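Descriptive analysis of the structure
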Amino acid sequence: MVLRASAQTNGEAVDLRGIVDAGVPLGIAGGEVLVPFADALLGNDAAALATARDAVRTTLGDDAVTAAAAIAANFSRNDRIANAIGIPLERDFVDQAADFRPALGIDAFRSARNTLDGT
Amino acid sequence: MPPDTPTLERSAETLAAFHEEEMQTFARPGDWLTGEERVAVVRRARDVRASAGLQPADDGQGPAPAEVLPDALLDVVDRVAVAPADLERGCLDDARAGGVTEEEYVETVGLVARAVNVDVYARGTDGPLPALPAPADGEPAFERPAARPEGAWVPTVPFGAEAEAIYGGPGMQPFIYRALSLAPGEARRVIAGGNLQYLALDGFFEFDYSAWPGLNRAQVEALAARVSALNGCFY
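Everything in this summary refers to the structure shown in the same document. (Residues numbered from 1 in each chain as written. Chains lettered and ligands numbered in written order. Predicted model: local features only at pLDDT ≥ 70, side-chain atom pairs only at ≥ 80, totals over all residues. Heavy atoms only, no water.)

Moving on, we come to the packing of helix α5 (residues 62-85) of chain A against helix α10 (residues 217-230) of chain B. α10 of chain B packs onto α5 of chain A with a crossing angle of 40 degrees between their chain directions and a minimal axis gap of 9 Å. Taken together, α5 of chain A and α10 of chain B sit at an angle that is classed as oblique. Two packed elements cross with a definite hand, and for α5 of chain A against α10 of chain B that hand is right-handed. Between α5 of chain A and α10 of chain B, the contacting residues are A68, I71, A72, F75, S76 and D79 of chain A on the first element and V220, L223, A224, V227 and S228 of chain B on the second. (Axes fitted to C-alpha atoms, helices over the stretch in contact; angles between N-to-C directions. Helix = DSSP H or I, 4+ residues; strand = E, 2+ residues; numbered from the N terminus. Parallel < 35°, antiparallel > 145°, perpendicular 65-115°, else oblique. Left-handed = near helix turned anticlockwise from the far one by under 90°. Contact = heavy atoms within 4.5 Å.)

See the structure below:
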């Protein structure tokens, strides 16, 4: 929901399928280097990570590498907390994502039960 | 920037300082675990992630987790550290059946998640893993806050004076910041980390606002969404 709103603020037409399918361009500036960086950072291929990091630096600059690592790390933490504590998503956000969640397969995440079983 | 947004400086230097603080908090007695137990949790998280190829191995300093922690708690660490997308209610239930209290479970989740944050950032920037400090002496606080069922697997603290003390201010916090409130020290550190590494909450609905030099808000949210998809996180 926030991705869509912030992209619209930039005048960008985001394709949310790119969140769950790295083969689909997200449609935001720099998405072509940020998604591979996230994938490599959460994966186990050190060489792929080095390549992805260099691509972020070349395309978006040194500050972007720091920022991208900080954001990816922040959500690596939050996702673990959310999934391990079983917290449900706030009602407003559930409703605002209802138009795209099923098509993206997000409702099939194991953690989706923590929210959808109570709705 | 929203008018009430704290002017936190975001840079590699401020992040390095915050992550060094995080490492020091791991070594101090917590709400429910001793310093030795907390360092053993982080030691174990680092070890299993290194074994999975998810981060480089460090110097291996710290207590041997299997000599400090019960098997049921080691299992929690392993699951949370390596396979967040697979987490289900059974993770808590198995821990409880193995003698782990829900307060110990919450504190352990917080420690693992915060350690992963530090290490993912280091790997992302190709920096060194911060050293794991020696455990500090002392007893945990052993003070349970007035939590109640709010829909998570464990009770949480919704609002009131005790909530303000934990969360650092009035007003209802998002669930992600209330999730660890059975271990208030962990909850406080997660909020501090979110304010620095993501954004302060009063800027959340300012969709053209990014706290970070180098990335606009859509780029920040794209990263957040992709990471959460990879981690199987509906929240």
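Next comes the rest of the description.
Attention shifts here to the packing of aromatic side chains. One pair of aromatic rings is described through two measures. These are the centre distance and the angle between the planes. Tallying each qualifying case throughout the model produces 7 aromatic pairs over all chains. Ring centres of Y198 of chain B and F204 of chain B lie 6.5 Å apart, and the angle between their planes is 70 degrees; this geometry places the pair in the edge-to-face category. Comparing Y198 of chain B with F204 of chain B shows no difference in burial state: the two are buried. Aromatic pair F204 of chain B and F205 of chain B: ring centres 4.9 Å apart, planes at 90 degrees, arrangement edge-to-face. In this structure F204 of chain B comes out as buried when scored by relative accessible area, which is 15%. A connected cluster of aromatic rings, assembled from ring pairs, spans F75 and F93 of chain A together with Y198, F204, F205 and F207 of chain B. We note R217 of chain B situated over the ring of F204 of chain B; from NZ or CZ to the ring centre the distance is 5.5 Å. (Phe/Tyr/Trp six-rings, centres within 6.5 Å; stacked < 30°, edge-to-face > 60°. Buried < 20%, exposed > 50% of the residue type's maximum accessible area, 1.4 Å probe, protein only. Lys NZ or Arg CZ within 6 Å of the ring centre and 35° of its normal.)

On the chain A side, the residues contacting the 69 residues of chain B number 72 residues. Counting the surface chain B buries against chain A, the share from its top three residues, R123, R226 and F234 of chain B, is 14%. At the junction of chain B with chain A, the criterion picks out 3 salt bridges. In this structure, the connection of chain B to chain A is made through 25 residue pairs in polar contact (both at pLDDT 80 or more). For the side of chain B that touches chain A, a count of residues per class yields 44 nonpolar, 15 polar and 10 charged. (Buried area = accessible area lost by both parts, 1.4 Å probe. Salt bridge = Lys/Arg side-chain N within 4 Å of Asp/Glu carboxyl O. Polar contact = N/O pair within 3.5 Å; in protein donor to acceptor, adjacent residues only side chain to side chain. Nonpolar A, V, L, I, M, F, W, Y, C, P; charged D, E, K, R; others polar.)

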